[in-house]
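Here is how the chains run, residue by residue.
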Amino acid sequence: MSEVTAEILSSLIAVVFALTVIFVRVRASRKPTNARKILIPPVAMSTGFLMYIAPQTHEPFLYAVAAFLVGVIFSYPLISTSKMYRAEDGHIYLKRSRGFIAILLILLALRIILHTYVEQYVTILQTGSLFFVLAFGMILPWRIVMYLRYRHLAGQRVAAASESAS
């Protein structure tokens, strides 16, 4: 497979994943959320670090730290567009945001641009591992903040229930 074909295939896979995330996110906003739904994605994703068993995926430590920090920076738009609310039924829902979809598409474009640049300096397997670390750096803070917001809303429900019982 030529480099150009591999790059196009990689970009197409990224587009499919981004569209899947958008689809899942829109569907998820129709159902109540809970701590498990918020925390499972980063926990499940962390198994991807097993790729580092293969020496071909090893990159310089500072590259990985930089990728993680870029991911943390990219998490801020996700955090700012992820809101929760308590519905009349008492359940907590994620509020759908058009800005969230736009941000995901912008992040996808940045990822494709960065991928082409990074690939000039490290191997394709190292590029993949760096972008995994970047993605993990994005999802971890985003989900932690979502969990804290969920706990705050859930705590308000508990406090309101105890006040009305007394």
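Structure first, text after, so check above.
Model, not experiment: these values are computed from the prediction. (Residues numbered from 1 in each chain as written. Predicted model: local features only at pLDDT ≥ 70, side-chain atom pairs only at ≥ 80, totals over all residues. Heavy atoms only, no water.)

Visitor: What is the right way to read the side chain of T57 from this model?
Guide: Within the fold, T57 resides in the loop between α2 (35–45) and α3 (61–81). At 2.7 Å, the side chain of T57 and the backbone oxygen of A54 are in polar contact. The contacts of T57, once residues within four sequence positions are left out, are M51, Y52, L125, Q126 and S129. (Helix = DSSP H or I, 4+ residues; strand = E, 2+ residues; numbered from the N terminus. Polar contact = N/O pair within 3.5 Å; in protein donor to acceptor, adjacent residues only side chain to side chain. Contact = heavy atoms within 4.5 Å.)

Visitor: What exactly am I supposed to notice about the environment of F68 here?
Guide: Following the sequence through the fold, F68 ends up in helix α3. We classify F68 as partly exposed; its relative accessible area is 28%. Along the backbone, F68 and A135 are 67 residues apart, and their C-alpha atoms lie at a distance of 7.7 Å. Setting aside anything within four residues of it in sequence, one finds F68 in contact with V133, F136, G137 and L140. (Buried < 20%, exposed > 50% of the residue type's maximum accessible area, 1.4 Å probe, protein only.)

Visitor: What am I meant to see in the packing of α3 against helix α4 (residues 98–118) here?
Guide: For any two helices packed against each other, one specifies the crossing angle of their axes together with the interaxial distance. Two elements in contact, α3 and α4, have axes whose closest approach is 9 Å; the angle formed by their N-to-C orientations is 170°. When the interaxial angle is binned, α3 and α4 end up roughly antiparallel. Residue-level contacts link F74, P77, L78 and T81 of α3 to G99, F100, I103, L104, L107, L110 and L114 of α4. Its residues assigned to classes, the contact of α3 with α4 comprises nine nonpolar, two polar and no charged. (Axes fitted to C-alpha atoms, helices over the stretch in contact; angles between N-to-C directions. Parallel < 35°, antiparallel > 145°, perpendicular 65-115°, else oblique. Nonpolar A, V, L, I, M, F, W, Y, C, P; charged D, E, K, R; others polar.)

Visitor: Help me understand the pairing of strand β1 (residues 83–86) in this model?
Guide: Successive residues of a regular strand alternate their side chains across the two faces of the sheet. Strand direction decides the pairing type here: β1 and strand β2 (residues 92–95), joined by four bridges, are antiparallel. What sits directly across from R86, in β2, is I92. Counted along the chain from β1 to the antiparallel partner β2, the turn is five residues long, and its residue G90 has a positive phi close to 90°. (Pairing = 2+ DSSP bridges.)

Visitor: Any chance you could explain empty space enclosed by the protein here in plain terms?
Guide: Any empty space left between the atoms is revealed when a probe the size of a water molecule rolls over them. Enumeration over the complete set of coordinates arrives at one cavity of 30 Å³ or more. Each pocket or cavity is described by its volume, and for the largest cavity that value is around 40 Å³. In terms of lining residues, the largest cavity is bounded by R25, V26, R96, S97, F100 and I101. Every element with two or more residues in the lining of the largest cavity is listed here: α1 (3–28) and α4. Here the lining of the largest cavity is built from residues that sort into three nonpolar, one polar and two charged. (1 Å grid on protein atoms, 1.4 Å probe; cavity = no way out; pocket = protein on both sides within 12 Å on 5 of 7 lines; lining within 4 Å. Points joined across faces, edges and corners; volume = space filled by probe spheres on them.)

Visitor: Teacher, can you tell me more about α3 here?
Guide: Given 3.6 residues per turn, any residue in an α-helix points the same way as the ones three and four places further on. Here α3 spans 31 Å end to end across 21 residues, near enough to the 30 Å set by a 1.5 Å rise per residue. S75 marks where α3 bends most, by close to 25°; the proline P77 follows one to four residues later. Among all positions in α3, only A64, A67, G71, V72, F74, S75, L78, I79 and T81 are buried. (Expected span 1.5 Å × (residues − 1). Bend = angle between axes of the 7 residues up to and from the residue.)

Visitor: Looking at this structure, how should I read the nonpolar core?
Guide: In a soluble, globular protein the nonpolar side chains are often hidden away together inside. One finds L78, M84 and W142 to be the most contacted residues of the largest nonpolar core, which totals 28 residues. Those elements that place two or more of their residues in this core are α1, α2, α3, β2, α4 and α5 (124–165). Setting aside residues up to four positions removed in sequence, W142 forms contacts with R25, S75, L78, I79, S82 and F100. (Core = buried A, V, L, I, M, F, W, Y, C linked by side-chain atoms within 4.5 Å.)

Visitor: Got a minute to help me understand the layout of surface pockets in this structure?
Guide: Its volume calculated, the largest pocket comes out at about 1,500 Å³. Along the wall of the largest pocket there are 47 residues; nearest its centre are F17, A18, V21, M45 and A135. Mapped onto the lining of the largest pocket, the elements with two or more residues apiece are α1, α2, α3, α4 and α5. Looking at which element gives the most residues to the lining of the largest pocket, the answer is α1, with 15 residues. The class makeup of the residues in the lining of the largest pocket is 31 nonpolar, seven polar and nine charged. Forming the walls of the second largest pocket are 13 residues, and the residues nearest its centre are Y63, A66, A67, V118 and L130. Listing elements by their share of the lining of the second largest pocket, those giving two or more residues are α3, α4 and α5. Among the elements that make up the lining of the second largest pocket, the one with the highest residue count is α3 (five residues).

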